[in-house]
Amino acid sequence: MKGKIAIPRTTIERLPLYYRCLAKLDKMDIEVISSKELGERIGVPSTQVRKDLSYYGEFGRRGVGYEVKLLLKNLERILGLNNHWPIVLVGAGNLGRALVNYEGFRKLGLEIKAVLDTDLNKIGNSISGITVQSIKNLKEVVEKYNIKMGIIAVPAASAQQVADQLVSVGIKAIWNFAPTRIIVPEDVKVKNEDLSVGIIGLVYHLARNE
Ligand SMILES: NC(=O)c1ccc[n+]([C@@H]2O[C@H](COP(=O)([O-])OP(=O)(O)OC[C@H]3O[C@@H](n4cnc5c(N)ncnc54)[C@H](O)[C@@H]3O)[C@@H](O)[C@H]2O)c1
């Protein structure tokens, strides 16, 4: 990666799209892809593909394109997917259970190591082999598994409190599913997953076309 060049946020946001697309091509035994074709698959012009990838190195060959396996490996490294990332999930409700049951995370090196809740009726229950523990064990599990990432799957009213607890034990990345903004220190990255915002965008589209 080039030293001090600021990489645009939009480029960083496209990296997972390139990654997913290349993983698919690799599965189909496609060995080489041009920037034009890659761009078409993720919906950007070939010039943008070349620009995006050039921030991280010289991966393509002029007139040939990109070697799928090689670029995939590099993107895996750039995205940190070649590492193992243990995760703590807070909130063993409907969404929490669905996330624990989702197999796709493992393929990305992500593993939910602990599920925590405050509800005594849920503590001790098992979800896909993981025993729900009390939120009181947060510090202990984070230290035990060296966890840096947390998922918030609690109601909005509890989200800030849970975020504060996660931050206090050294969590640096939070995936927040509660439909509310949470405030964290600058060195903590938050990704808000607000499904209702997504669907409102679709409804707006329908309403405008009526
Ligand atoms: N269910 C969905 O499909 C869905 C989709 C998108 C977003 N969400 C959001 O995700 C969150 C969870 O939704 P859900 O449907 O799983 O709710 P839920 O009520 O089924 O589960 C929430 C869980 O959080 C626990 N909890 C509450 N306060 C806590 C605290 N301070 N510490 C630890 N645990 C605590 C509760 O005991 C409960 O087990 C909500 O904010 C919801 O708006 C849900």
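This one's a predicted model, so the numbers in the text were calculated from it and none came from an experiment.

**Brief notes about the sheet that holds strand β5 (residues 110-117)**
Sheets are built from strands that pair by backbone hydrogen bonding, the pairs being arranged parallel or antiparallel. Spatially, 7 strands are ordered β6-β7-β5-β4-β8-β9-β10 in an open sheet, and the strand pairing comes out mixed. Each of the sheet's edge strands pairs with one partner strand only, and the pair in question is β6 (126-127) and β10 (189-192). One ladder, built from 3 bridges, connects β5 with strand β7 (residues 130-134); its direction is parallel. What sits directly across from Leu116, in β7, is Gln133. Against the sheet, helix α5 (residues 94-101) contacts β4 (85-90), β5, β6, β7 and β8 (149-152), and its axis sits at roughly 155° relative to β5. Contacting β4, β8 and β9 (173-176), helix α8 (residues 156-168) crosses the sheet at an angle of about 170° to β8.

**Some points on the domain arrangement of the protein chain**
Here the domain parsing of the protein chain yields domain 1 (9-79) and domain 2 (85-197). The centre of domain 1, based on its C-alpha atoms, is set 31 Å off from the matching centre of domain 2.

**Things to note about helix α3 (residues 46-54)**
Taken residue by residue, α3 has Val49, Asp52 and Leu53 as its buried positions. Buried residues in α3, looked at end-on, bunch into an arc of 90°, giving them a common side. The inward-facing, buried residues of α3 abut α1 (9-27), α2 (35-42) and β2 (60-61).

**Topic: unusual backbone geometry**
Residue Asp29 is not a glycine yet carries a positive backbone phi of 60°. Tracing the sequence through the fold places Asp29 in the loop between α1 and β1 (32-33). Positive phi, close to 55°, is recorded for Asn146, a residue that is not glycine. Mapping Asn146 onto the fold places it in the loop between α7 (138-145) and β8.

**Notes on the sheet that holds β1**
Reading across from one edge, β1-β3-β2 is the order of the 3 strands in this open sheet, with antiparallel pairing throughout. Each having just a single partner strand, β1 and β2 make up the two edges of the open sheet.

**Quick word on the packing of α2 against α3**
Where α2 contacts α3, the two axes come as close as 7 Å, and the packing angle between them is 100°. By the criterion of interaxial angle, the relationship of α2 to α3 is roughly perpendicular. From α2, Ser35, Lys36, Leu38 and Gly39 reach across to α3, where they touch Ser46, Gln48, Val49 and Arg50.

What counts and how
Residues numbered from 1 in each chain as written. Predicted model: local features only at pLDDT ≥ 70, side-chain atom pairs only at ≥ 80, totals over all residues. Pairing = 2+ DSSP bridges. Helix = DSSP H or I, 4+ residues; strand = E, 2+ residues; numbered from the N terminus. Contact = placed C-beta atoms within 7 Å. Axes fitted to C-alpha atoms, helices over the stretch in contact; angles between N-to-C directions. Domains from an automatic or database assignment. Buried ≥ 20, exposed ≤ 12 C-beta atoms within 10 Å, placed from the backbone. Arc of directions from axis to C-beta. Parallel < 35°, antiparallel > 145°, perpendicular 65-115°, else oblique.

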